[in-house]
Amino acid sequence: MIGARRIAADVRSGARSARDVLEEHLDAISGREPDIHAFNVVLADVARGAADAVDAAVARGDDPGPLAGVPLALKDNMCTHGLPTTCSSRILEGWRPPYDATVVERVQAAGAVVIGKTNLDEFAMGSSTENSAFGPTRNPHDVTRVPGGSSGGSAAAVAAGFAPLALGSDTGGSIRQPAALCGVVGVKPTYGVVSRYGLIAFASSLDQIGPFAATVEDAASLLEVIGGHDPLDSTSIARPAPELVAGLDDGVSGLRVGIVGEMTEIEGIEPRVRDAVKAAAAGLEAAGAKVDTVSVPSATYGISAYYLIAPAEASSNLARYDGVRYGLRVDADEVAHMNAATREAGFGREVKRRIMLGTYALSAGYYDEYYGQAQRVRTLILREFERVYEEFDVLIAATSPTVAFELGAKTADPLAMYLCDVCTVPANLSGHPAMSVPFGTGDAGLPIGVQVLAPALGEPTMFRVARAIEQAAGR
Amino acid sequence: MAERITRADVEHVAQLARLALGEEEIQSLSEELGAILEYAAQVSALDTHDVPPTAHPLPLVNVFRPDEARPGLPRDEVLAAAPDVQENRFRVPRILGEEP
C-alpha cells in the first residue's frame, strides 16, 4: 500500500499521473469490493475527471495542492453537489444535494480525488455498519466480521487499499472504533476544529468530522487540509488548521502520559487489548515519556449520559425528514399522516429506536430526570478531564474493548452494541480530541487500536504521541 | 423498572415523534426502551446539586457573521429534489381539519 504523502509527492513532481494512481485504486476496488461492500457508490467517472484535472494542472505548472492525486473516500453523510448522499437510509435514497460540504470543497481544492461515498450505519447510528439500509460492510481482515461503525465503510476502504485516505464522522466513537477494528489510524479532532457545514446532522453537540489513513503522518496531512475556521459553521473555532506534520517526529521525551483506568481496566475487555495499551505505554516510556495510571471516575457514566444526549439531539435533528423538501414521501390523506407514514417507511429499526428514546428523554415530566441530568453529568465529565489534563499532557486507553466481532453477534441486543462505545464516548462528551492507532493484534490475529486523548486543541502533542506509538508498534 | 415503558407510553411518544409503528415494533420498543432507560438512569447516581448543564463543549456564545446579502441555494435545483412541487413551492397534502 502506497501512502498518501508519497502519492502526492510523485503526482506533484510528475513522476506518476493522478490518473494512473486512480486506475490502480479502481482496480483494487473491482477486485475486493464485492466481498467487502465499503461503498454505497463508487464515483469512477467523476473521479477520472478530477484526476485528469490534477494532471492538467501539473502539466501547466500550476500547484495541484498538497493532496494532489490522492484518492479519498467520503462517508456518505457528507453532502456532495449533484451526487448521491444517502446516510445509508431509504429516506434519502436518490437525493442529490444542491451543495458541497465544506470538507468536500477543501479536499478537492487540495487536489484529492473523491473516489466514492462509503457505507455507514444509517444516520451514523451504530457500531458495526450493520444498520445500513443497503447491507453491511465487512472487515477486510476477516469478511465474517464487522468493520466497526458507524464509519465502517471509510475504515474498510482504507484497510482494503481502496483509498489511502478517507473521511468519517465521530459522534460517540464512529471514527476511532472502526479504525481500531480495521487496523488503521482514525482521528476525532477537537470539537470545532473541522467544519460540519454539509455534514448531515446526528447529534450536533457531539458530531465531528475527522480523517482515516494507514499512517499517523497521512492522517495529519489530511487534518491540516480539512481543519480551520469556516464562517458557514457557527460552531467552528476561529483559528487556522493545526500544524501537525512538521512536529510529528519531535518525540515524547518528558511528556506526561496517563493510562485511564476507567477506559482500560473495564469489565469485558479482552486481555490482549488491555495488554496492548500497557505495551504502548511501555513503548512511550522507553522513548522518554513519564507514564502513570490515572483515574477519571465519571467516565464510567459516559455511556449512560451519551445514550440520553445523543438520541435527544437526534430526535430533534431528524424531525426534518418529513417527506416535504427532499427524499422519500409516502402519500396519505393529510400532512401528519404523510409525515408519519414516510418516517415509518424511510427509517430503519435503530434510527426509530433512537428517535423514540430521544423523544421520550425530552418529553414533559422526564426532561429533567433524563436529558437535564445527562447534561449535568456531562459537565462533571468535562471538569474531571480538564483537571486530569493539568497533570498529564496526554492520556492513553483502549479504543474498543474487543477486536472485530462476528456479523450478527450484537444485533439482537441494542445495549450490548451501545457498550462498544464505552471507551470512546467520553471524548465526545468533553469535546476533546482523541485518536486510535493500530497496535498489534489480538484474538484471531485481528487488529487492536490504542487510543490517545489530549486536551482541547492538543492535536499537535496527540499526533506526536500517536507517531511514537506507531513506531513502538514497529510500523 | 424495565417494564415501566408501557404500550401507551410508546404510542404517545411515537405520536410526538410523528412516527407510525407496526404492532410488532410497539411490542419490541416497549421492552427495548425500558432496558436502555434502566441502564441510562445510572446518571441519577451522581450528585449534580449545583452543577450547571453542558449543552455544548465550546465556550462560544452568540456567533455572528457580517450582515451581508449572499445568494441562497439555487431554487430549481432545490425544488428538483422535492417529492412534490407546484408553482415553485413544496406541495403537501391538506392540513388536518382544513377543507380540501
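Definitions and limits used
Residues numbered from 1 in each chain as written. Chains lettered and ligands numbered in written order. Predicted model: local features only at pLDDT ≥ 70, side-chain atom pairs only at ≥ 80, totals over all residues. Heavy atoms only, no water. Helix = DSSP H or I, 4+ residues; strand = E, 2+ residues; numbered from the N terminus. Contact = heavy atoms within 4.5 Å. Polar contact = N/O pair within 3.5 Å; in protein donor to acceptor, adjacent residues only side chain to side chain. Buried area = accessible area lost by both parts, 1.4 Å probe. Salt bridge = Lys/Arg side-chain N within 4 Å of Asp/Glu carboxyl O. Nonpolar A, V, L, I, M, F, W, Y, C, P; charged D, E, K, R; others polar. Core = buried A, V, L, I, M, F, W, Y, C linked by side-chain atoms within 4.5 Å. Buried < 20%, exposed > 50% of the residue type's maximum accessible area, 1.4 Å probe, protein only. Disulfide = S-S within 2.5 Å. Domains from an automatic or database assignment. Pairing = 2+ DSSP bridges. Axes fitted to C-alpha atoms, helices over the stretch in contact; angles between N-to-C directions. Right-handed = clockwise from strand over helix to strand, strands pointing away.

(A) Local environment of the environment of A:His141. All names here are of chain A. Note on placement: histidine 141 falls in the loop between strand S3 (113-118) and helix H5 (152-159). Measuring from C-alpha to C-alpha, the distance between histidine 141 and alanine 180 comes to 12 Å, with 39 residues separating the pair along the chain. Once residues lying within four places of it in the same chain are set aside, the contact partners of histidine 141 are Ala159, Leu181, Cys182, Gly183, Leu446 and Pro447. Among the polar contacts listed, one links the side chain of histidine 141 to the backbone oxygen of cysteine 182, at a separation of 2.8 Å.

(B) Summary view of the interface of chain A and chain B. The interface is formed by 65 residues belonging to chain A together with 57 residues belonging to chain B. Summed over both sides, the interface between chain A and chain B buries roughly 5400 Å², with carbon and sulfur atoms accounting for 67% of that surface. At the junction of chain A with chain B, the criterion picks out five salt bridges. Measuring nitrogen to oxygen at the nearest pair gives 3.0 Å for the salt bridge that ties A:Lys352 to B:Glu25. On inspection of chain A and its partner chain B, the count reaches 20 residue pairs in polar contact (both at pLDDT 80 or more). Put simply, the parts of the chain that give the side of chain A that touches chain B at least two residues each are helix H9 (302-317), helix H10 (335-346), helix H11 (349-362), helix H12 (368-391), helix H13 (414-418) and helix H14 (425-430) of chain A. Each residue belonging to the side of chain A that touches chain B can be placed in one class, and the counts come to 34 nonpolar, 17 polar and 14 charged.

(C) Representation of the nonpolar core in the model. All names here are of chain A. Counting 174 residues, the largest nonpolar core has Phe123, Leu167, Val452, Phe463 and Ile469 as the members making the most contacts within it. Ignoring anything within four residues of it in the chain, the contact list for phenylalanine 463 reads Val187, Val216, Ala219, Ala220, Leu223, Leu244, Leu248 and Met435. Grouped together as the second largest cluster of nonpolar side chains are seven residues, Val146, Ala180, Leu181 and Ala404 included.

(D) How the structure looks around the state of the cysteines. All names here are of chain A. Considering all chains together, one arrives at zero disulfides over all chains under this definition. Cysteine 182 takes part in no disulfide bond, and the closest cysteine sulfur, belonging to cysteine 420, lies 13 Å away. Note on cysteine 423: no disulfide assigned, nearest cysteine sulfur contributed by cysteine 420 at a separation of 10 Å.

(E) Looking closely at the domain arrangement of chain A. All names here are of chain A. According to the domain assignment, chain A contains domain 1 (4-226) and domain 2 (256-304 + 369-472). Measuring from the centre of the C-alpha atoms in domain 1 to the corresponding centre in domain 2 gives 24 Å. Tallying the contact residues gives 40 residues for domain 1 and 42 residues for domain 2. Summed over the three residues of domain 1 that lose the most area to domain 2, namely Arg145, Arg176 and Val216, the buried surface amounts to 22% of that side. The interface formed by domain 1 and domain 2 holds one salt bridge in total.

(F) Inspection of the sheet that holds strand S6 (residues 208-213) of chain A at higher detail. Residue and element names in this part refer to chain A. Spatial strand order, S1-S3-S2-S4-S6-S5-S10-S11-S9-S7-S8: eleven strands in an open sheet with mixed pairing. Of all strands in the sheet, those bounded by a partner on one side alone are strand S1 (39-42) and strand S8 (290-294). The average angle at which neighbouring strand axes cross in this sheet is 30 degrees, direction not considered. Two elements, strand S7 (residues 256-260) and strand S9 (residues 394-398), share three bridges in a ladder whose sense is parallel. Directly across from isoleucine 259, in S9, lies its bridge partner isoleucine 396.

(G) Structural view of the pairing of strand S2 (residues 71-75) of chain A. All names here are of chain A. In terms of residue burial, S2 counts as a mostly covered element, since five of its five residues are buried. The two faces of S2 match: Pro71, Ala73 and Lys75 on one face and Leu72 and Leu74 on the other face are all buried. After leaving S2, the chain enters helix H4 (residues 102-109) and then returns to the sheet as S3, a path that is right-handed. Relative to strand S4 (residues 165-170), S2 runs parallel, the two sharing three bridges. Considered in S4, the bridge of alanine 73 is made with alanine 166.

(H) Quick peek at unusual backbone geometry. Cis geometry marks the peptide bond from A:Gly149 to A:Ser150; its omega dihedral reads 10 degrees. With respect to the helices and strands, A:Ser150 occurs in the loop between S3 and H5. For B:Asn62, which is not glycine, the phi dihedral falls at a positive 45 degrees. Despite not being glycine, B:Asn88 shows a phi value in the positive range, around 60 degrees. Assignment of secondary structure puts B:Asn88 in the loop between strand S1 (85-86) and strand S2 (89-90).

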